[in-house]
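Fold and contact review
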Amino acid sequence: GTFDLLLGDAAPSRPSTPALTSNPTVFGLGKWLASVPTGLAVDRVGRRPVMILGLLVVALSDVTCVLTAHAGLFLGLRALAGVGWAMFGTAATTVMIDQRTAAQRGRAVSLLFMSETAGLFLGSLAGGWLYVSVGAASPFLFEAGCMVLGSRAVARWDAPDRRPVPSPERQRLRAALGIAGVTTLSHTSAALTAVQTGLMVFLFPL
């Protein structure tokens, strides 16, 4: 199946490194490509619709990944899941900033990232257990179920879904890039993520 194809022709005890790292690579590429369009969509249609659609896109990708036996299609679907995650993450961060006063924004965003890190820790444990105990497809199906439940929770969310006054898309993007420190912090974040996640998290266990 797909999971055997992704391991390549090498022995099970020594799968090819490019094959194993291609999954997080295409996932990250999907997130990267979707980031700016997602930000524009959040401003245009609102936070809640973008979050719901993003979660459902991830769920659809997960279920379809289980059904396909083609490695190339599998990686394309993982990139699509990255698009869905970008949609949810961008909208959720915007909500956390919008729903708090200036004095509370830092704490609100920190709690969002803390919950994300806690979820990564617990999800890694659960995913490994499911993979060994139930099967290779089970983490995908479990995640798809969580995404559907999450979309229902967002749909029932009673906070106001703010929509800013429309302005030209290029003007909004230039305004964001013109904010002091945005470019510097963006580059710094990219470097830290490349080292910590790209090099350490994925390659060190290999």
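Up top is the structure these notes are about.
Focus on the packing of helix α4 (residues 71-98) against helix α6 (residues 138-155)
Running from N to C, α4 and α6 cross one another at 25°; their axes reach a closest spacing of 14 Å. It follows that α4 is roughly parallel to α6 by the angle criterion. For the crossing formed where α4 meets α6, the hand is left-handed. On the side of α4, the interface is formed by Phe74, Arg78 and Trp85, while α6 contributes Phe140, Glu143 and Met147. Looking at side-chain class alone, the contact of α4 with α6 contains 4 nonpolar, no polar and 2 charged residues.

Here's the deal with the nonpolar core
In terms of nonpolar packing, the biggest core is built from 13 residues, with Val50, Met51, Ala91 and Met147 touching the most fellow members. Elements that contribute at least two residues to this core include exactly α3 (47-67), α4 and α6. Element by element, the count of residues in this core is highest for α3, at 5 residues. Look past the residues within four positions of alanine 91 in its chain and what remains in contact with it is Val42, Arg47, Val50 and Met51.

Here's the deal with the environment of alanine 92
Locating alanine 92 in the fold gives a position in helix α4. For the pair alanine 92 and arginine 48, spaced 44 residues apart in the sequence, the C-alpha separation amounts to 8.7 Å. If we ignore the near neighbours within four places in the chain, the residues touching alanine 92 are Met51 and Leu112.

Side note on the packing of helix α5 (residues 105-133) against α6
Contact pair α5 / α6: the axes reach a minimum separation of 8 Å and the direction vectors enclose 130°. Considering the angle they form, α5 stands oblique to α6. Contacts between α5 and α6 involve Gly127, Leu130 and Tyr131 from the former and Ser138, Pro139 and Phe142 from the latter. Split into classes, the residues belonging to the contact of α5 with α6 amount to 4 nonpolar, 2 polar and no charged.

Let's talk about a nonpolar patch on the surface
On the surface, Leu29, Trp32 and Leu33 cluster together to form a nonpolar patch covering roughly 370 Å² of accessible area. Take tryptophan 32: its relative accessible area is 63%, and that puts it in the exposed class.

A few points about the side chain of threonine 68
By secondary structure assignment, the location of threonine 68 is in the loop between α3 and α4. Of the polar contacts made by the side chain of threonine 68, one reaches the backbone nitrogen of histidine 70; its length is 3.2 Å.

Cut-offs used in this document
- Residues numbered from 1 in each chain as written.
- Predicted model: local features only at pLDDT ≥ 70, side-chain atom pairs only at ≥ 80, totals over all residues.
- Heavy atoms only, no water.
- Axes fitted to C-alpha atoms, helices over the stretch in contact; angles between N-to-C directions.
- Helix = DSSP H or I, 4+ residues; strand = E, 2+ residues; numbered from the N terminus.
- Parallel < 35°, antiparallel > 145°, perpendicular 65-115°, else oblique.
- Left-handed = near helix turned anticlockwise from the far one by under 90°.
- Contact = heavy atoms within 4.5 Å.
- Nonpolar A, V, L, I, M, F, W, Y, C, P; charged D, E, K, R; others polar.
- Core = buried A, V, L, I, M, F, W, Y, C linked by side-chain atoms within 4.5 Å.
- Buried < 20%, exposed > 50% of the residue type's maximum accessible area, 1.4 Å probe, protein only.
- Patch = residues over 30% accessible without salt bridge, like charges linked within 9 Å, V, L, I, M, F, W, Y side chains within 5 Å.
- Areas by Shrake-Rupley, 256 points an atom, 1.4 Å probe, with all protein chains shown as cover.
- Salt bridge = Lys/Arg side-chain N within 4 Å of Asp/Glu carboxyl O.
- Polar contact = N/O pair within 3.5 Å; in protein donor to acceptor, adjacent residues only side chain to side chain.

On their own, these measurements won't tell you what the molecule is for.
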